[in-house]
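So the chains spell out like this:
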Amino acid sequence: QVQLVESGGGLVQPGGSLRLSCTASGSTFRDSLTVAKWYRQAPGKEREFVASVIGGTTSYADSVKGRFTISKDNNMRTVYLQMNSLKVEDTAVYSCSLRRPGDEFWGQGTQVTVSS
C-alpha cells in the first residue's frame, strides 16, 4: 500500500525557515500525472490549500506566495515545502497529498509552530 510520511516540522521563531518533506513508499508515481499538494490545518479552522506541483507547474495560496516554495524529486518519491519568513499565522499541521488518476493518498501531517 501507499504510505506518505511528512517530516521537518518543529518550532521556529517568526521570520525563520523550515523545510518540510513528504516521502512516498509502496507505489510508483508518474510525474506528469501526479499532483502533489501541501495543505495545512490549524485548530478550529478548516484545512486550507498551501501549494501544489504537477510536472513543472506550481501553484500557491496567496497567503504564502513569495515565502514558500514547493519542489519535488524527479522520481516523485519526495516532495518538499521550503518555508521562509514564517509568520505566527503559519502555525498549523501541514499535510501532503499525492493524487494520481483514480486515487489520492495523504500523510499523517507534521506540526509547524511559529512562536517567539
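Everything below is about the structure printed above this text.
Keep in mind the model is a prediction, meaning the values are calculated, not measured.

## Some remarks on the overall build of the chain
When helices and strands are counted, the chain shows zero helices and eleven strands. Tracing the chain from N to C terminus, the helices and strands come up as β-β-β-β-β-β-β-β-β-β-β. Relative to the 2.2 N^0.38 estimate, which gives 13 Å for 116 residues, the radius of gyration of the chain is 14 Å and therefore close to what a compact globule would have. Based on the C-alpha atoms only, the size of the chain along its principal axes is roughly 40 × 25 × 20 Å. Expressed as a percentage of contacts within the chain between residues at least 6 apart in sequence, the contacts between residues at least 24 apart total 53%. With the model as given, the accessible surface of the chain reaches about 6100 Å², and the carbon-plus-sulfur share is 46%. One way to put it: in the chain the 13 positive side-chain charges average out to a point 4 Å from where the 10 negative ones average out.

## Description of the state of the cysteines
Enumeration over the complete set of coordinates arrives at one disulfide. Each sulfur of the disulfide joining C22 and C96 lies 1.8 Å from the other. The chirality of the disulfide connecting C22 with C96 is right-handed, given an S-S dihedral of about 60°. Taken together, the positions of C22 in strand β3 (residues 18–25) and C96 in strand β9 (residues 92–100) put the pair 74 residues apart, joining distant regions of the chain.

## Looking at the sheet that holds strand β8 (residues 78–83)
Read across the open sheet, the four strands follow the order β1-β3-β8-β7; overall the sheet is antiparallel. Of all the strands in the sheet, just β1 (3–7) and β7 (68–72) have a single pairing partner and so form its edges. For this sheet, the mean inter-axis angle between neighbouring strands, taken without regard to orientation, is 15°. In this structure, β3 lies alongside β8, joined through six bridges in antiparallel fashion. Within β8, the position partnered with T23 by the bridge is T78.

## With respect to the nonpolar core
Counting residues in hydrophobic clusters, the biggest one holds 31 residues, and the most contacted among them are W38, L81, M83 and Y94. Those elements giving two or more residues to this core turn out to be β3, β4 (35–41), β5 (48–54), β7, β8, β9 and β11 (110–114). What M83 contacts, discounting residues up to four positions off in sequence, is G16, S17, L18, L20, R67, F68, Y94 and V112.

## Comments concerning the pairing of β4
For β4, the tally of buried residues reaches five of seven residues, placing the bulk of the element in the interior. Here β4 pairs with β9 via seven bridges, running antiparallel. When the bridges of β9 are listed, A36 appears paired with L98. Where β4 lies against β5, five bridges are found, and the strand directions are antiparallel. Directly across from A36, in β5, lies its bridge partner V53.

## What to know about the packing of aromatic side chains
Taken as a whole and assessed by the stated rule, the structure comprises two aromatic pairs. Between the aromatic rings of Y39 and F49, the centroid separation amounts to 6.0 Å while the plane-to-plane angle is 75°, which identifies the pairing as edge-to-face. Taken together, the positions of Y39 in strand β4 and F49 in strand β5 put the pair ten residues apart, joining distant regions of the chain. Residue classification places F49 among the partly exposed residues on the basis of a relative accessible area of 26%. Centroid distance Y39 to W106: 5.1 Å. Interplanar angle 40°. Geometry classified as tilted. Separated by 67 residues along the polypeptide, Y39 in strand β4 and W106 in strand β10 (residues 103–106) bring together distant segments of the chain. In this structure an aromatic cluster arises from ring pairing among Y39, F49 and W106.

Analysis parameters
- Residues numbered from 1 in each chain as written.
- Predicted model: local features only at pLDDT ≥ 70, side-chain atom pairs only at ≥ 80, totals over all residues.
- Heavy atoms only, no water.
- Helix = DSSP H or I, 4+ residues; strand = E, 2+ residues; numbered from the N terminus.
- Rg over C-alpha atoms; globule rule 2.2 N^0.38 Å.
- Contact = heavy atoms within 4.5 Å.
- Areas by Shrake-Rupley, 256 points an atom, 1.4 Å probe, with all protein chains shown as cover.
- Lys, Arg positive; Asp, Glu negative; His and termini not counted.
- Charge placed at Lys NZ, Arg CZ, Asp CG, Glu CD.
- Disulfide = S-S within 2.5 Å.
- Pairing = 2+ DSSP bridges.
- Axes fitted to C-alpha atoms, helices over the stretch in contact; angles between N-to-C directions.
- Core = buried A, V, L, I, M, F, W, Y, C linked by side-chain atoms within 4.5 Å.
- Buried < 20%, exposed > 50% of the residue type's maximum accessible area, 1.4 Å probe, protein only.
- Phe/Tyr/Trp six-rings, centres within 6.5 Å; stacked < 30°, edge-to-face > 60°.

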